[in-house]
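What the coordinates show
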Amino acid sequence: MTSELISKEGTQVVTLTLNRPQAANALSTQLLKELKAHMEKLQNDKDVRVIILTSAGEKAFCAGADLKERITMNEEEVQEAVLLIGETIHEVSKLPQPVICAANGLALGGGLELALASDLRVFSEDALYGLTETSLAIIPGAGGTQRLPSIVGVGKAKELIFTAQRITGKEAQAIGLCEYAVPFEEVENKANELAAQIANNGPIAIQAAKHAIDSGTHLSIEEGLKIENDAYQKTIRTDDRMEGLKAFKEKRKPDYQGR
């Protein structure tokens, strides 16, 4: 069976590529199982500092659920498939390392939900993006109704979901749906540039910052500050913190080891 997910492992950055260009990189059962297995492996990989999600082909990052596969399923199988998509995308959001989504083409439904579960998003400026499920008489079922409002605001999220509207990468950047919208040929390079900048910093600190942000965003400021302080305390006891101070004093680039 041909792999539907390609993993390219660098020294500190892992790139996962959705590899179904003939099917607009739609989320088949096989692809989801492969992606979920990689997420579980990466959870405890201390050598990996950044993860990039991208796709093969030049048209679509991910068209969402594989509707051709879905139409052959009975109701019970559909429910299992929806659960698998939701669980897999949630695993992406739970990774301790920063995840950069290089959505180098169209991303609809579950494809955009996969991008929403990432920490940073780089879109192709002219490609189309949207949560289009209501046009199929269903709703986003892999976190879209929960993650989109926290990124673009409740009103704009309702508009996009209620209308099933597709917007360009440029429009997505304007409302804060992505951090960068660049020409198609520059999406991967921009994602790699961001990954390199992040990987140069203290990996324990990066993961602590991600935990503090993700855990404290929806809490009161008092509760959030407690989480931040707990995360900060974990960085104080690291060798990396001392290396950072030493490198600053010696006016050189720090060599962080993640310990």
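What comes next concerns the included structure.

Basis of the calculations
- Residues numbered from 1 in each chain as written.
- Predicted model: local features only at pLDDT ≥ 70, side-chain atom pairs only at ≥ 80, totals over all residues.
- Heavy atoms only, no water.
- Helix = DSSP H or I, 4+ residues; strand = E, 2+ residues; numbered from the N terminus.
- Buried < 20%, exposed > 50% of the residue type's maximum accessible area, 1.4 Å probe, protein only.
- Polar contact = N/O pair within 3.5 Å; in protein donor to acceptor, adjacent residues only side chain to side chain.
- Contact = heavy atoms within 4.5 Å.
- Axes fitted to C-alpha atoms, helices over the stretch in contact; angles between N-to-C directions.
- Parallel < 35°, antiparallel > 145°, perpendicular 65-115°, else oblique.
- Left-handed = near helix turned anticlockwise from the far one by under 90°.
- Expected span 1.5 Å × (residues − 1).
- Pairing = 2+ DSSP bridges.

A look at the side chain of Asn25
Within the secondary structure layout, Asn25 lies in the loop between β2 (13-18) and α1 (29-42). A relative accessible area of 1% means that Asn25 is categorised as buried. Polar side-chain contacts of Asn25 include one of 2.8 Å to the backbone oxygen of Ala60. Ignoring anything within four residues of it in the chain, the contact list for Asn25 reads Leu18, Asn19, Arg20, Leu31, Ser55, Ala56, Ala60, Phe61, Cys62 and Ala63.

Looking at the environment of Val187
Within the element layout of this structure, Val187 appears in helix α8 (residues 187-199). Along the backbone, Val187 and Ile52 are 135 residues apart, and their C-alpha atoms lie at a distance of 11 Å. Beyond its immediate chain neighbours, meaning those up to four positions away, Val187 contacts Ala102, Ala103, Asn104, Val122, Phe123, Ser124 and Val182.

Some remarks on the packing of α1 against helix α3 (residues 75-94)
One can describe the packing of α1 onto α3 by two numbers: an axis separation of 9 Å at closest approach and a directional angle of 30 degrees. Relative to α3, the element α1 lies roughly parallel. For α1 against α3, the interelement crossing comes out left-handed. On α3, the residues that touch Thr29, Leu32, Lys33, Leu35, Lys36, Met39 and Glu40 of α1 are Leu84, Ile85, Glu87, Thr88, Glu91 and Val92.

Some remarks on α1
Helix length check: α1, at 14 residues, gives a terminal C-alpha distance of 20 Å against a target of 20 Å (1.5 Å per residue), a fit within 8%. Those residues of α1 that fall on the buried side of the exposure criterion are Leu31, Leu32, Glu34, Leu35, Lys36, Met39 and Leu42.

Focus on the sheet that holds strand β3 (residues 50-55)
An order of β1-β2-β3-β5-β7-β10 is seen for the six strands of this open sheet, with the pairing classed as mixed. Looking at the sheet topology across the chains shown, the edges are occupied by β1 (5-9) and β10 (180-182). Neighbour-to-neighbour, the strand axes of this sheet turn through a mean angle of 15 degrees, independent of strand direction. Of the pairings in the sheet, the one linking β1 to β2 comprises five bridges and is antiparallel in character. Across the sheet, residue Leu5 finds its bridge partner in β2, namely Leu18.

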